[in-house]
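Residue-level listing of the chains:
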Amino acid sequence: MSSFSIRQLLRSDRPLAFLLGLGAGLRVLAFLAVIFVPVHNEIGGRVSPLEPQTSVDINFYIASTEVYFGRETGVFTELRKAYLADTVSPGFAPPVLPTLLFITGYINGHTLPLALVYLALGIGLVVAWLIWLRRSGLHVGWLLLFAALPNAIWFTLNISTDLLFAVFVSGFYLAYFHGAKTRLHVWLWMLFLLASLLTRTNGLSL
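A brief structural summary. Quick caveat, the model's predicted, so the values are computed rather than measured.

### Points about the packing of helix H9 (residues 161–176) against helix H10 (residues 183–197)
Here H9 crosses H10 at 155°, and the two axes come no closer than 8 Å. One finds that H9 runs roughly antiparallel with respect to H10. As H9 packs across H10, the resulting crossing turns out to be left-handed. Facing Phe165, Phe168, Gly171, Phe172, Ala175 and Tyr176 of H9, the residues of H10 in contact are His185, Leu188, Trp189, Phe192, Leu193, Ala195 and Ser196.

### Some thoughts on the packing of helix H5 (residues 96–103) against H9
A packed helix pair is summarised by two numbers, namely the angle formed by the two axes and the spacing between the axes. In the contact formed by H5 and H9, the axes pass within 10 Å of each other and the chain directions differ by 115°. Every pair of crossing elements has a handedness; the one defined by H5 and H9 is right-handed. Along its contact with H5, which presents Val96, Leu97 and Leu100, the element H9 presents Thr161, Leu164 and Phe168. Residue classes in the contact of H5 with H9 are distributed as five nonpolar, one polar and no charged.

### Focus on the environment of Ala115
Its place among the elements puts Ala115 in helix H6 (residues 112–135). On the accessibility criterion, Ala115 (8% relative accessible area) is buried. Dropping the residues within four chain positions of it, Ala115 is found in contact with Phe31 and Pro49.

### Focus on the packing of aromatic side chains
On inspection of all chains with the given rule, the structure shows eleven aromatic pairs. Geometrically, the ring pair formed by Phe60 and Tyr61 is edge-to-face, given 5.5 Å between the ring centres and 65° between the ring planes. According to the relative accessible area criterion, Phe60 is partly exposed, its value standing at 37%. When the centroid spacing of 4.7 Å and the interplanar angle of 45° are considered together, the rings of Tyr173 and Phe177 count as tilted. Here the aromatic cluster, defined as three or more aromatic residues joined through ring pairs, consists of Trp129, Trp132, Phe172, Tyr173, Tyr176, Phe177 and Trp189.

### Digging into helix H2 (residues 14–36)
Relative to the 33 Å expected for 23 residues at 1.5 Å per residue, H2 spans 33 Å between its end C-alpha atoms, a close match to the ideal helical length. For H2, the set of buried residues is Leu16, Leu19, Leu20, Gly23, Ala24, Arg27, Ala30, Phe31 and Val34.

### Some details on the pattern of salt bridges
Scanning all chains against the criterion turns up two salt bridges. Notably, a salt bridge pairs Glu51 with Arg46, separated by 3.4 Å at the nearest N-O pair. Residue class for Glu51 comes out partly exposed when judged on its relative accessible area of 32%. The partner of Arg200 in a salt bridge is Asp162, with the nearest N and O atoms 2.2 Å apart. Of this pair, Arg200 sits in the segment after H10 while Asp162 sits in helix H9, and the two are 38 residues apart along the sequence. By relative accessible area, Arg200 is classed as partly exposed at 22%.

The rules we used
Residues numbered from 1 in each chain as written. Predicted model: local features only at pLDDT ≥ 70, side-chain atom pairs only at ≥ 80, totals over all residues. Heavy atoms only, no water. Axes fitted to C-alpha atoms, helices over the stretch in contact; angles between N-to-C directions. Helix = DSSP H or I, 4+ residues; strand = E, 2+ residues; numbered from the N terminus. Parallel < 35°, antiparallel > 145°, perpendicular 65-115°, else oblique. Left-handed = near helix turned anticlockwise from the far one by under 90°. Contact = heavy atoms within 4.5 Å. Nonpolar A, V, L, I, M, F, W, Y, C, P; charged D, E, K, R; others polar. Buried < 20%, exposed > 50% of the residue type's maximum accessible area, 1.4 Å probe, protein only. Phe/Tyr/Trp six-rings, centres within 6.5 Å; stacked < 30°, edge-to-face > 60°. Expected span 1.5 Å × (residues − 1). Salt bridge = Lys/Arg side-chain N within 4 Å of Asp/Glu carboxyl O.

Next up, the structure:
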C-alpha cells in the first residue's frame, strides 16, 4: 500500500487512525518508561534501552557473534567441530540476531541503537496487523485489545528473537495471503520465509 493510499485510509477511517496512534504510542511510552522505572526479565535482570540485557538467551547470541565475525573462529570451523563431535546442534545461533548485535555495536555496550530498531519493528508490526485486521472487518473493541497486548509490547523492549521472528512470520503471512498474487508478493513471502529460517530454526515449520 502506498503512502498516499495509507493517508486516504486514515482520513476516511478515524477509528483506525486512533488505533494506530494508540498502538504506536503505547510502545513509545513503554520504551521511555523502562528507562526510569525498573522492569526486570525472567531472571531478574534490568530491561532498559540504556543497559545491556541479561536474559536467558542473550549471552548465547552475543557469543555467536564471535562465530560469524570473530577472527579466530568461523562458521565452518564450528560446523566441523559439531560434525566431529557428532552433535545435532552446531552450538551457535542462526545469523540474524547476532548480525544485528554486531552491526549496532550492542556487544560493545552501545545498547540504544538496537533498542531503537526493536521499537521501530514493534511499531511497524502492530501497524501492519491493525490495518489488515481492520480491513478484514474485526470489531474496534477487539482491535483495542490487540493494540494494547502486553506480550507484544514486552517483545519490543526485550532483546531476543521473539520480535524478529514475529515480524518475519507476519510478513510471510501478509504477503503470501495477499489478494494480489503479483511477482512482488512472491518475492516478499520468499524473502520473509528465508529471514525466518535465518532467525530461528523452527522457521522450518513455515
